[in-house]
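# Fold and contact review
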Amino acid sequence: MGDDISPIRHEQKLADGGHTCKQAPEMLDKGSNLILLKEDLAPNIHLFKLNAPIISNKVRAGQFAIIRIGEKGERIPLTFADWDKEEGSITIIFMKIGTSTHKLALMQPGDSITNVVGPLGIPTNIEKYGTVLCVGGGIGIAPITPIARALKAAGNKVISIIGARGKELLFWEDRLRNISDELIVCTDDGSCGRGVLVTEVLRELCESEQRIDRVFAIGPAIMMKYCAETTRPFGIKTIASLNSIMVDGTGMCGCCRVSVGGQTRFACVDGPEFDAHQVDWDELLSRQCTYIDEESYSLREWRRKQSNTV
Amino acid sequence: MAKLDLNRISMPRQDGKERRNNFNEVALGYSDEQAISEAQRCIQCPKQPCIAGCPVGIDIPGFIKAVIEKDMPEAARILKNKNSLPAICGRVCPQESQCEVVCTLSKKGAPIAIGRLERYVADWERRNKPNIPDADPPEPDGKRVAVVGSGPAGLTAAAELAKLGYRVTIFEGLHMPGGVLMYGIPEFRLPKEIVRAEVDYVISLGVELQLDSLVGKLFTIDELLAVGYDAVFLGTGAGLPMFLNIPGENLNGIYSANEFLTRINLMKAYLFPEYDTPVKIGKKVAVIGGGNVAMDSARCAIRLGADQVYIVYRRSEQEMPARREEVENAREEGIQFKFLTNPKRLIGNEKNWVTGMECLEMELGEPDASGRRRPIAKPGTEFIIELDEAIIALGTTPNPLIASTTSDLETTKYGTVVADKITGKTVKDKVWAGGDVMTGSDTVISAMGAAKRAAADIDDYLKHH
Ligand SMILES: Cc1cc2nc3c(=O)[nH]c(=O)nc-3n(C[C@H](O)[C@H](O)[C@H](O)COP(=O)(O)OP(=O)(O)OC[C@H]3O[C@@H](n4cnc5c(N)ncnc54)[C@H](O)[C@@H]3O)c2cc1C
Ligand SMILES: Cc1cc2nc3c(=O)[nH]c(=O)nc-3n(C[C@H](O)[C@H](O)[C@H](O)COP(=O)(O)OP(=O)(O)OC[C@H]3O[C@@H](n4cnc5c(N)ncnc54)[C@H](O)[C@@H]3O)c2cc1C
Ligand code: FES
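Since we're looking at a predicted model, the values are computed, not measured.

Another aspect to go through is the site of ligand 2. All names here are of chain B. Within the structure, ligand 2 sits among 35 residues, and Val92, Ala153, Glu172, Arg189 and Val215 are positioned closest to it. One nitrogen or oxygen atom from the main chain of valine 92 is found 2.5 Å from a nitrogen atom belonging to ligand 2. Contact between ligand 2 and valine 180: an oxygen atom at 3.0 Å from a main-chain N or O atom of the residue. If ligand 2 stood free it would expose 1,000 Å²; the protein chains cover 94% of that surface. Secondary structure elements with two or more residues in the shell around ligand 2: α8 (152-163), α13 (292-303) and α17 (444-464). When grouped by side-chain class, the residues that make up the shell around ligand 2 number 16 nonpolar, 13 polar and 6 charged.

Before going further, it helps to examine the packing of aromatic side chains. Enumeration over the complete set of coordinates arrives at 12 aromatic pairs over all chains. Look at Phe23(B) and Tyr270(B): their rings are 4.1 Å apart centre to centre, the planes differ by 10 degrees, and that puts the pair in the stacked class. Of this pair, Phe23(B) sits in the loop between α1 (16-19) and α2 (32-40) while Tyr270(B) sits in the loop between α12 (257-266) and β7 (284-288), placing them 247 residues apart in sequence. Taken together, Phe23(B), Phe188(B) and Tyr270(B) form an aromatic cluster joined through their ring pairs. The ring of Trp172(A) carries the charged tip of Arg175(A) above its face, separated from the ring centre by 3.9 Å. When the ring centre of Phe188(B) is taken as reference, the NZ or CZ atom of Arg303(B) above it lies at 3.7 Å.

Residues in a regular strand project their side chains so that they alternate between the two faces of the sheet. Residue and element names in this part refer to chain B. By the alternation rule, side chains of strand β14 (residues 389-392) split into Glu389 and Ile391 and Ala390 and Ile392, which are all buried. Strand direction decides the pairing type here: strand β6 (residues 254-256) and β14, joined by 3 bridges, are parallel. From the neighbouring strand, isoleucine 254 faces β14, where its bridge partner is alanine 390. Inspection of the sheet shows β7 paired to β14 by 4 bridges, in the parallel sense. The residue bridging valine 285 from the neighbouring strand is glutamate 389, located in β14.

A few words on the sheet that holds strand β12 (residues 238-241) of chain A. Residue and element names in this part refer to chain A. Across the sheet, which stays open at both edges, the 6 strands sit in the order β10-β9-β8-β11-β12-β15 with mixed pairing between neighbours. The open sheet has two edge strands with one neighbour each: β10 (182-187) and β15 (273-275). This sheet shows a mean twist of 20 degrees between the axes of neighbouring strands, independent of strand direction. As defined by bridge partners, strand β8 (residues 131-137) adjoins strand β11 (residues 214-218) across 5 bridges and the pair is classed as parallel. Each residue of the ladder has a partner; that of leucine 133, found in β11, is valine 215. Its contacts with the sheet put helix α5 (residues 198-207) on β8, β9 (157-164), β10 and β11, and the angle it makes with β9 is roughly 150 degrees.

Once that is clear, we can look at the pattern of salt bridges. Residue and element names in this part refer to chain B. Evaluation of the coordinates by the stated rule reveals 48 salt bridges over all chains. The shortest N-O distance in the salt bridge between arginine 119 and glutamate 25 comes to 3.0 Å. Of the two residues, arginine 119 is situated in helix α7 (residues 114-128) and glutamate 25 in the loop between α1 and α2; the sequence distance between them amounts to 94 residues. No difference in accessibility class separates arginine 119 from glutamate 25, as the two residues are buried. With a closest N to O distance of 3.0 Å, glutamate 333 and arginine 299 form a salt bridge. Taken together, the residues span a long stretch of sequence, with glutamate 333 in the loop between α14 (324-332) and β9 (336-338) and arginine 299 in helix α13 at a distance of 34 residues. Exposure remark for glutamate 333: the relative accessible area of 0% places this residue in the buried category. Judged by relative accessible area, which is 0%, arginine 299 ranks as buried. Salt bridges sharing partners connect three or more residues here, namely Arg13, Arg19, Arg189, Asp296, Arg299, Arg303, Arg323, Glu325, Glu326, Glu332 and Glu333.

The next thing to look at is the interface of chain B and chain A. Note: interface size is frequently given as the accessible area lost on complex formation between the parts. The interface of chain B with chain A comprises 68 residues on the first partner and 73 residues on the second. Summing both partners gives a buried area of about 5,700 Å² for chain B against chain A, and 55% of it is carried by carbon and sulfur. Three residues stand out in chain B for area buried against chain A, namely Lys217(B), Asn250(B) and Asp276(B), and they jointly supply 14% of the buried area on that side. Our enumeration of links across chain B and chain A arrives at 4 salt bridges. In this structure, Glu294(A) and Lys280(B) form a salt bridge, with 3.1 Å as the shortest nitrogen-oxygen distance. At the boundary of chain B and chain A, one finds 24 residue pairs in polar contact (both at pLDDT 80 or more). Counting only elements with at least two residues in the side of chain B that touches chain A, the list comes to β2 (167-171), α11 (221-226), β5 (240-241), β6, α12, α15 (401-405) and β16 (410-411) of chain B. Among the elements that take part in the side of chain B that touches chain A, α12(B) stands out by supplying 4 residues, more than any other. A class-by-class count of the residues in the side of chain B that touches chain A yields 27 nonpolar, 24 polar and 17 charged.

All names here are of chain B. Contact pair helix α4 (residues 60-68) / helix α5 (residues 72-82): the axes reach a minimum separation of 8 Å and the direction vectors enclose 165 degrees. Classified by the interaxial angle, the pair formed by α4 and α5 is roughly antiparallel. The crossing of α4 and α5 is left-handed. Touching Gly62, Phe63, Ala66 and Val67 of α4 are Glu74, Ala75, Ile78 and Leu79, all from α5. Residues of the contact of α4 with α5, tallied by class, amount to 6 nonpolar, 1 polar and 1 charged.

Residue and element names in this part refer to chain B. With parallel pairing, 5 strands are arranged side by side in an open sheet as β3-β2-β1-β4-β17. Edge strands, defined here as strands with exactly one partner in the open sheet, are β3 (208-210) and β17 (431-433). Neighbouring strand axes in the sheet, compared pairwise and without regard to direction, differ in orientation by 20 degrees on average. Of the strand pairs in this sheet, strand β1 (residues 144-148) and strand β4 (residues 231-234) are connected by 4 bridges, and their pairing is parallel.

Looking now at unusual backbone geometry. Cis geometry marks the peptide bond from Gly118(A) to Pro119(A), where omega comes out at -5 degrees. Relative to the helices and strands, Pro119(A) resides in strand β7 (residues 115-120). Residues Phe272(B) and Pro273(B) are joined by a peptide bond in cis, for which omega reads 5 degrees. Residue position: Pro273(B) is located in the loop between α12 and β7. Despite not being glycine, Gln44(B) shows a phi value in the positive range, around 50 degrees. Inspection of the secondary structure puts Gln44(B) in the loop between α2 and α3 (49-53).

Our focus in this paragraph is the site of ligand 1. Residue and element names in this part refer to chain A. In the region of ligand 1, 23 residues are neighbours, and Pro77, Thr79, Ile93, Met95 and Thr101 sit closest. At 3.3 Å, a backbone N or O of arginine 75 approaches a nitrogen atom of ligand 1. The contact in question runs from an oxygen atom of ligand 1 to an N or O atom on the backbone of glycine 98, over 3.0 Å. Compared with its free state, where it exposes 850 Å², ligand 1 has 87% of that area covered by protein. Those elements that place two or more of their residues in the shell around ligand 1 are β5 (75-84), β6 (89-95) and α2 (99-105). Here the element with the most residues in the shell around ligand 1 is β5; it accounts for 5 residues. Looking at the shell around ligand 1 residue by residue, the classes come out as 12 nonpolar, 8 polar and 3 charged.

Calculation rules
Residues numbered from 1 in each chain as written. Chains lettered and ligands numbered in written order. Predicted model: local features only at pLDDT ≥ 70, side-chain atom pairs only at ≥ 80, totals over all residues. Heavy atoms only, no water. Near = heavy atom within 4 Å. Polar contact = N/O pair within 3.5 Å; in protein donor to acceptor, adjacent residues only side chain to side chain. Areas by Shrake-Rupley, 256 points an atom, 1.4 Å probe, with all protein chains shown as cover. Helix = DSSP H or I, 4+ residues; strand = E, 2+ residues; numbered from the N terminus. Nonpolar A, V, L, I, M, F, W, Y, C, P; charged D, E, K, R; others polar. Phe/Tyr/Trp six-rings, centres within 6.5 Å; stacked < 30°, edge-to-face > 60°. Lys NZ or Arg CZ within 6 Å of the ring centre and 35° of its normal. Buried < 20%, exposed > 50% of the residue type's maximum accessible area, 1.4 Å probe, protein only. Pairing = 2+ DSSP bridges. Axes fitted to C-alpha atoms, helices over the stretch in contact; angles between N-to-C directions. Contact = heavy atoms within 4.5 Å. Salt bridge = Lys/Arg side-chain N within 4 Å of Asp/Glu carboxyl O. Buried area = accessible area lost by both parts, 1.4 Å probe. Parallel < 35°, antiparallel > 145°, perpendicular 65-115°, else oblique. Left-handed = near helix turned anticlockwise from the far one by under 90°.

This is the structure we're talking about:
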């Protein structure tokens, strides 16, 4: 490369948030990823609290970890649902759907997760917007909680809307109620709260007298797509956290690429949050299905091996 | 003068048809007889052009002489004196453009097979583990160096500094050390056991290896300095994949070479479902690019069961940057080459899966800045290649993560870190760089060379501060 290239000087920017660690180098030890606590929140939804002191010191709302279970495991992204600097712990909540999450669900307090890397992704842009809506669908209730908490702490009026298929799949209602100025619960089958989709509540609020300054939506891609369609006609800026398939989570592979405003972006390093009105949702939805056959084959094989070993 | 022996001993290899079905190493290595015959061809010319051709200046005639004399511990010692990773370099260095091209016998068309001999000696050493006395490392003087990245640059810098008595920690973002040696270059070209042995050696020198530690996220360079590291070496490589920026690039069935190779090599998708990570293999696969990365991707695809694999390259065969030997290997394995062809757009079906690629024919014009003749599109020559998978192997640039989170570091418009060409010293106090992060995608040996020079400069600095 030639010498004629004029250098770009970077301004000082501390890694996401600027909590400088003051420990001696020995203290940069990442900790053991030991499972300190396991809670079953719903049939198939589990919470783990892990020992990870340095990560806990760095995490901010909206960021995620990539974990790997065992030497043959794949790398899967999970959002930080909570963290505690004093205790040096991080909390993840996951839904059991395929091989990796089934393996994870078998783990118990006292076990260690083979690999945990993070915090990854750009944190949520927390500002005082005014009145914000936080929409969490299904497992999305977990990642929306720290965002709602941070928005509240920044002085916003926070209205949270959470939804699940039925009452038994709801969790952290109390937590969100404490954080939010208002909490609206919906279930598809009407077994708890209102029997409508979260997008219905979202539309009602957009149509109401009340001024809404920003919407944050996390959940299945299809839910986020319809949230975007709901708020679009009202011109309310809407942020969604994209759950594209990832491998490294560091910007090295491009597996997680998404089209936003006609441009290719990497969800793991440029996101995961983007302007929901600019996202090509159909592309994301189809890319998420890339390995559907392999995933079901893998889970079948895993189940077969499990039943052979018991 | 004795009669010149121009009979270069060829490398025994797995049969082309057979190896299409496995990931075992293709090149099998010289036998003792083959190695000695090849070594005996060396005329030990006084000018020793090969040494100057080697980016780290190995005493090539010296180690070859030791092979002839069957003094293998001596041959290994000479190699390791300048190159701490000879088993790797013997396998992946582009010898045809370094030491072998300048060999006196090259003029006669039969340069000494230096790379094969290097590999032979290194493999002997690995199998026989002779007690080559390492100079006793000086007592640790308490100064600490942080090395970021565990590719060839990071491993070399760490080893050099540990040998000089510094306390070294390597921070690696992935769950496995080795960089491209682990996630990029496939098993059949570089067995991972060899990389692991080299990593173990570095750790045996007292280097601390901290995996899952992405610098720029978990902590910044400034924080590493603030908590008491006296110097930092950046060996973070060039890991950001480039795309074509043509329509259809995000269809299903299109991979960057980095993703495809990472799934296969790092995550072992070729052993799915025993390993959890899957990879898609099409029937007709096109790989776009002409470097080592393209060859590796194509050869992985054919091994995983693709019927037809094309290499689509916009210049002609002559300009391909891949190692000659690997181009030949690829051809033997049934890879087809489409030269002077450039993709224009990718075409998908109603389910968003790629089904074809529209291309343009190219012709070569005047040489460009790289010295290679510039490809120019021939208007109106559009045609479609049917395919169900495309792998984009255009090259990589450094990941912006470190530069964007470190104060006072300078980068070029290509994202490479600005540093002194010889010493690797960046414009930031106490921070050095070397390898692909400084040069953009280059070679294993040049990354090691840069790391060695940087380690020497770090030592010089720390002695005086
Ligand atoms: C930034 C981000 C944050 C996430 N946070 C959470 C969370 O907090 N809790 C939670 O339960 N889930 C979360 N997910 C989704 C979670 O990663 C997947 O559910 C998990 O990878 C499924 O793995 P599996 O082997 O159990 O299922 P599989 O059977 O392999 O896959 C089921 C579905 O999960 C998705 N998926 C599969 N592999 C991956 C992968 N490597 N990366 C991303 N998605 C994949 C695919 O859409 C797939 O169809 C998040 C995803 C992203 C991208
Ligand atoms: C598929 C492929 C085939 C190749 N074939 C050949 C060949 O045959 N011969 C040859 O000579 N060269 C070849 N090369 C090029 C060669 O591998 C590279 O030039 C060499 O690996 C560069 O070494 P490096 O140490 O600078 O970087 P890398 O090997 O890229 O290592 C960088 C390391 O730093 C880590 N890292 C990056 N960012 C961070 C961060 N922020 N925090 C912590 N860790 C970080 C990465 O995870 C990685 O492990 C090939 C490259 C590829 C991709
Ligand atoms: S997951 Fe590999 S680049 Fe985002």
